[in-house]
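# Residue-level structure breakdown
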Amino acid sequence: MEGNMNTIAAGVHHNLENYAVEHEKRQYVIEKIKSIVNRPGKESSSAVGSRLAEIVERHLYQQASSFQEYADVSTLGTRLRKVYADVLRQRLGRKNTAKNQNRREVLERHLGIRKYEELVTLCQQIRKLYGKFAQESCASCNTNSSCSLTPRLAADSKAPTQIVNLFLRTLLCTKIKQIPIELIPETNWDDLERQARDNIKEYEEWMEKV
């Protein structure tokens, strides 16, 4: 019985030592990250950097296959840069998603849900027309190099007006996706819708003739 207790006590002591070493190394890594993400002389930035450092460290710890890999100083810089970039990308993605959601909510309140959905459907129609046009244009293109159709259209002074108007000068879809929220009430959405519908009609009539 006494031997078993000694074994248990030794195991507990060993685990406590391992925990202390692990905790110390994790604190070292956190401080290392803080030195990278914090900008000197700005308290607010320092506070944000400290929180971000803890998030990055947690990702670093979770992604490591072992504690030895996690604490390997020789690869720490490379792993930190990768995880830091991943975390920032995720945070940016969440911010963009929230921003787009907020824009949609304001548009729905200002225009009404039905009108908003009509404008979105109109933009989807334009994207489908563009996709079909791009596919046909690229299939008949004589160059073998990869290219982007929109810059080529913008640079082509001989491009038909109907194509340029619909795919380069129709502002409705850009406004819906990118307009700052505070400008939504000031925008003439009826004019934008009218322009989009007129450009679609002119383009489809022109396509029937060519």
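The subject of this paragraph is the overall build of the protein chain. A tally of regular secondary structure across the protein chain gives nine helices and zero strands. Its helices and strands taken in sequence order, the protein chain reads α-α-α-α-α-α-α-α-α from the N to the C terminus. Expressed as a percentage of its 210 residues, the buried residues of the protein chain come to 27%.

This brings us to a negative patch on the surface. Together, Asp-198, Glu-202, Glu-204, Glu-205 and Glu-208 give the surface a local cluster of negative charge. In this fold, Glu-208 is placed in helix α9 (residues 189-209).

So, about the nonpolar core. By size, the foremost hydrophobic cluster in this structure holds 23 residues, and its most contacted members are Leu-107, Leu-166, Phe-167, Leu-172, Ile-176, Trp-189 and Tyr-203. Secondary-structure elements contributing two or more residues to this core are α4 (73-111), α5 (113-139), α7 (161-168), α8 (172-178) and α9. No other element matches α5, which puts seven residues into this core. Excluding its chain neighbours within four sequence positions, the residues that come into contact with Tyr-203 are Leu-129, Phe-133, Gln-162, Ile-163, Leu-166 and Phe-167. Grouped together as the second largest cluster of nonpolar side chains are 13 residues, Ile-33, Val-56, Leu-60 and Tyr-70 included.

With that settled, consider the pattern of salt bridges. Within this structure, the stated rule accounts for six salt bridges. The partner of Lys-115 in a salt bridge is Glu-193, and the shortest N-O contact between them spans 3.1 Å. On the criterion of sequence distance, the pair formed by Lys-115 in helix α5 and Glu-193 in helix α9 is long-range, its members being 78 residues apart. In this structure Lys-115 comes out as partly exposed when scored by relative accessible area, which is 26%.

The next subject is the packing of α7 against α9. Where α7 meets α9, the closest approach of the two axes is 9 Å, and the angle between their N-to-C directions is 145 degrees. The element α7 and its partner α9 pack so that their crossing is left-handed. Residues Gln-162, Ile-163, Asn-165, Leu-166 and Phe-167 of α7 form the contact with α9, whose participating residues are Asn-199, Ile-200, Glu-202, Tyr-203 and Trp-206. Tallied by class, residues from the contact of α7 with α9 come to six nonpolar, three polar and one charged.

Each value, and the rule that gives it
Residues numbered from 1 in each chain as written. Predicted model: local features only at pLDDT ≥ 70, side-chain atom pairs only at ≥ 80, totals over all residues. Heavy atoms only, no water. Helix = DSSP H or I, 4+ residues; strand = E, 2+ residues; numbered from the N terminus. Buried < 20%, exposed > 50% of the residue type's maximum accessible area, 1.4 Å probe, protein only. Patch = residues over 30% accessible without salt bridge, like charges linked within 9 Å, V, L, I, M, F, W, Y side chains within 5 Å. Areas by Shrake-Rupley, 256 points an atom, 1.4 Å probe, with all protein chains shown as cover. Salt bridge = Lys/Arg side-chain N within 4 Å of Asp/Glu carboxyl O. Lys, Arg positive; Asp, Glu negative; His and termini not counted. Charge placed at Lys NZ, Arg CZ, Asp CG, Glu CD. Core = buried A, V, L, I, M, F, W, Y, C linked by side-chain atoms within 4.5 Å. Contact = heavy atoms within 4.5 Å. Axes fitted to C-alpha atoms, helices over the stretch in contact; angles between N-to-C directions. Left-handed = near helix turned anticlockwise from the far one by under 90°. Nonpolar A, V, L, I, M, F, W, Y, C, P; charged D, E, K, R; others polar.

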